[in-house]
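The primary structure of each chain is shown beneath.
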Amino acid sequence: MSEASRPRDAFLEELRWRGFFQQCTDEAGLADLLARETVTAYIGFDPTADSLHVGSMLPIMGLVHLQRHGHKPIAIAGGGTAMVGDPSGKTELRQLLTVEQIEANLRGIKAQLARFVDFGEPGLADLPHGPVVQAGPDNRGILLNNADWLADKNYIEFLRDVGRHFSVNQMLARDSVKTRLEVGLSFIEFNYMILQAYDFYVLNRDHGCRLQMGGNDQWGNICSGVDLCRRLNQQEVYGLTFPLLATATGAKMGKTAAGAVWISPERTSPYDFFQYWVNVDDRDVSRFLRLYTLLDRERIEELEALEGADIREAKRALARAATALVHGPEAADAAAKAAVALFVGGGDESTVPGTAIDPGRLAGAGLELLEALTETGLCKSKGEARRLVRQGGVKVNDAVVADETRRLTASDVADGRIRLQLGKKRHHHLVPREAP
RNA sequence: GGGGGGGUUCCCGAGUGGACAAAGGGAACAGACUGUAAAUCUGUCGGCGAACGCCUUCGGUGGUUCGAAUCCACCCCCCCCCA
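Residues numbered from 1 in each chain as written. Chains lettered and ligands numbered in written order. Predicted model: local features only at pLDDT ≥ 70, side-chain atom pairs only at ≥ 80, totals over all residues. Heavy atoms only, no water.

J.: Quick rundown of the pairing of strand 3 (residues 72–77)? Include the residues and the values.
T.: In terms of burial, strand 3 is largely enclosed, as six of its six residues are buried. Alternating positions in strand 3 separate into two faces, Lys72, Ile74 and Ile76 on one and Pro73, Ala75 and Ala77 on the other, with burial throughout. Assessed by its sense of winding, the connection that carries the chain from strand 2 (residues 40–45) through helix 3 (residues 54–68) to strand 3 is right-handed. (Buried < 20%, exposed > 50% of the residue type's maximum accessible area, 1.4 Å probe, protein only. Helix = DSSP H or I, 4+ residues; strand = E, 2+ residues; numbered from the N terminus. Right-handed = clockwise from strand over helix to strand, strands pointing away.)

J.: Explain the sheet that holds strand 6 (residues 238–242) to me, and be specific about the residues and the numbers.
T.: The six strands are arranged 1-6-5-2-3-4 in an open sheet whose pairing can be described as mixed. Across the chains shown, the open sheet's two edge strands, defined by having one partner strand only, are strand 1 (23–24) and strand 4 (142–145). Along the sheet, helix 10 (residues 192–207) makes contact with strand 2, strand 3, strand 4, strand 5 (209–215) and strand 6, crossing strand 5 at roughly 145 degrees. Packed on one face of the sheet, helix 11 (residues 219–233) meets strand 1, strand 5 and strand 6 and runs near 170 degrees to strand 6. (Pairing = 2+ DSSP bridges. Contact = heavy atoms within 4.5 Å. Axes fitted to C-alpha atoms, helices over the stretch in contact; angles between N-to-C directions.)

J.: Which residues make up the nonpolar core, and what are the values?
T.: Grouped together as the largest cluster of nonpolar side chains are 63 residues, with contacts concentrated most on Leu113, Met213, Trp277 and Tyr292. Shared between two domains, this core holds at least three residues of each, these being domain 1 (10–242) and domain 2 (255–343). Beyond its immediate stretch of four places on either side in the chain, Met213 contacts Phe11, Tyr42, Ile43, Gly62, Leu63, Leu66, Ile222, Leu240 and Phe242. By size, the runner-up hydrophobic cluster in this structure holds 30 residues, among which are Leu144, Phe166, Tyr192 and Tyr198. (Core = buried A, V, L, I, M, F, W, Y, C linked by side-chain atoms within 4.5 Å. Domains from an automatic or database assignment.)

J.: Mind laying out the confidence of the model for chain A, listing which residues take part and the relevant values?
T.: Of all residues in chain A, 90% have pLDDT values of 70 or greater, and the mean over the chain is 87. Segment residues 1–5 is flagged for pLDDT under 50; beyond a separation of four residues in sequence, or across chains, it makes five contacts in the model. (pLDDT = per-residue confidence, 0-100.)

J.: Residues and numbers for the pattern of salt bridges, please.
T.: Going through the model one piece at a time under the given rule, you end up with 23 salt bridges. Residues Glu302 and Arg299 are paired through a salt bridge, measuring 2.9 Å at the closest nitrogen-oxygen approach. Taken together, the residues Glu302 and Arg299, both in helix 14 (residues 297–304) and three residues apart, mark about one turn of the helix. Judged by its relative accessible area of 46%, Glu302 is partly exposed. Residue Arg299 is classed as partly exposed on the basis of its relative accessible area of 31%. One network of salt bridges, in which partners are shared, links Glu13, Arg16 and Glu27. (Salt bridge = Lys/Arg side-chain N within 4 Å of Asp/Glu carboxyl O.)

J.: Got a sec to walk through the sheet that holds strand 9 (residues 354–357)? Specific residues and values, please.
T.: As summarised here, the arrangement of the five strands in space is 9-15-14-11-12, forming an open sheet in which the pairing is mixed. Of all the strands in the sheet, the pair left with one neighbour each is strand 9 and strand 12 (399–400). By the bridge criterion, four bridges tie strand 9 to strand 15 (residues 426–432) in an arrangement that is parallel. Bridged to Ala356 within strand 15 is Val431.

J.: Give me the pairing of strand 4: which residues, what numbers.
T.: The two faces of strand 4 match: Ile142 and Leu144 on one face and Leu143 and Asn145 on the other face are all buried. Direction of pairing for strand 3 relative to strand 4: parallel, over a ladder of four bridges. When the sheet's bridge partners are listed, Ile74 is paired in strand 4 with Ile142.

J.: Run through a nonpolar patch on the surface, naming residues and quoting values.
T.: A surface patch of nonpolar side chains, amounting to about 450 Å² of accessible area, comprises Tyr155, Ile156, Leu159 and Phe187. Considering each element in turn, the nonpolar patch owes the most residues, three residues, to helix 6 (residues 155–161). Within the fold, Phe187 resides in helix 9 (residues 187–190). Under the relative-accessibility criterion, Phe187 is labelled exposed at 56%. (Patch = residues over 30% accessible without salt bridge, like charges linked within 9 Å, V, L, I, M, F, W, Y side chains within 5 Å. Areas by Shrake-Rupley, 256 points an atom, 1.4 Å probe, with all protein chains shown as cover.)

J.: For the protein's contact with RNA strand B, give the residues involved together with the corresponding values.
T.: For RNA strand B, the set of nearby residues contains 34 residues, the closest of which are Asn279, Asp282, Ser381, Arg387 and Lys425. Each atom of RNA strand B within 4 Å of the protein was classed as base or backbone; sugar and phosphate made up 72%. Between RNA strand B and Gln275, the relevant distance is 2.8 Å, taken from a base oxygen to a side-chain nitrogen or oxygen of the residue. Asn279 has a polar side-chain atom sitting 2.3 Å from a sugar or linking oxygen of RNA strand B. Of all elements in the fold, only helix 12 (270–278), helix 13 (282–292), helix 15 (311–327), helix 16 (329–343) and helix 18 (382–390) reach the threshold of two or more residues within the surface near RNA strand B. Considered class by class, the residues forming the surface near RNA strand B number ten nonpolar, ten polar and 14 charged. (Near = heavy atom within 4 Å. Polar contact = N/O pair within 3.5 Å; in protein donor to acceptor, adjacent residues only side chain to side chain. Nonpolar A, V, L, I, M, F, W, Y, C, P; charged D, E, K, R; others polar.)

J.: Run through the packing of helix 13 against helix 14, naming residues and quoting values.
T.: Axis angle and axis distance: for two packed helices, these are the angle between their axes and the distance between the axes, and together they describe the pair. Relative to each other, helix 13 and helix 14 sit at 165 degrees, their axes nearing to 10 Å. Our classification of the angle between helix 13 and helix 14 gives roughly antiparallel. Crossing hand, helix 13 versus helix 14: right-handed. Of the residues in helix 14, those touching helix 13 at Ser286, Leu289 and Arg290 are Ile300, Glu301, Leu303 and Glu304. (Parallel < 35°, antiparallel > 145°, perpendicular 65-115°, else oblique. Left-handed = near helix turned anticlockwise from the far one by under 90°.)

Shown next, in the form of structure tokens:
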């Protein structure tokens, strides 16, 4: 990319106005570097599950912006470091994963990352739409597993080559360690920052990586890596962190009562994903528009100007854009339509989450409603389902159910489905279908 | 290795022989109010059951007792101090 088309710190500027910028090891130095050349930067992702969730979307978007500005992203799936467990931001010892779990998780995560970043490998992504960024030949992304260079490391050798550059005094002073000192920190976790620093060193050495980004809880680990690169490679490298997000009510980003909001459509349906964004707190809309969509600044500011009930329009735009990023524009449209159908009335409800049931169970006396509610996972137990009914929180085909012994029969089926509603906004369809 | 303090229901945290499915708070859920928001108010918040009730739970395993989250023994785990 030519000098002219790369304003001095367009990337940093975008991170700043969008709210990605928390702190940087050397802002001026990094800005100069970004202006001079195509910079290779990396972010690590923990394969703690087979899918990423909304919480990981922030760093992912960091890579997206990086690549959009012509720089080269590296995503590390931490197959090696996951063996150890990062103590940062955790209050207690993390459960160690087995090698098999980690490998299975890596496969899922890699495919998801490829939805966002162009790794130049067409077969990689499992998404219907392409990566949201199109890269040129010099800034295609790289996807690596740090197990490749960590797994076979010899302990003694590692201690001598890498360990001697670490000061325990300094490690103890890191916030990530300090906060854990009171509740306990195992030696294996204590080592995590060394491994992460080593990642940075390897990436710098082998891929010319000059920047590591991550959540602010990674600051200590990132600084360790910057130091290590300086010592071992005599290279000036940089670190930049994103803020740790909480919602306006103080909850962790991307968590709902039902658990995390996942990127995988199997774990969180596109409809539920869309609803997550529609239901965010008013106070979060502006930040989220900036962080989780690629809408341009002008459009976002327009949406931010909305007040009162009109904020819902901004939420819909947010939901539409975020869902389109993760599940593709078609899925986003379908989810939006389903939402209109359910909350406004009329229209296409086909993407409302549903469960197939054997039509035979609706014959005769039919199926107990309470049972249907637990079987579909809408309620954890029949007790909970019963409670809901007693409180007037259950509707079948838009009619409040007063009778907790209510049974569902074939006569409840309309348009090929029985429509269940819990509370004001949880919708689910029961679809009679022969089991295969 | 020695001494001290702990492990309670989703989380925090009371409870030290029966009235305990276990105070209180938070989270969560439902209802009212609203804008599929927030705040507020009300209710619910282990499982089964229409209900009387029954069953499972207080780190683990045994024991004492008519009866144990509460007492005893051993074990596991965590924190602090000393070595």
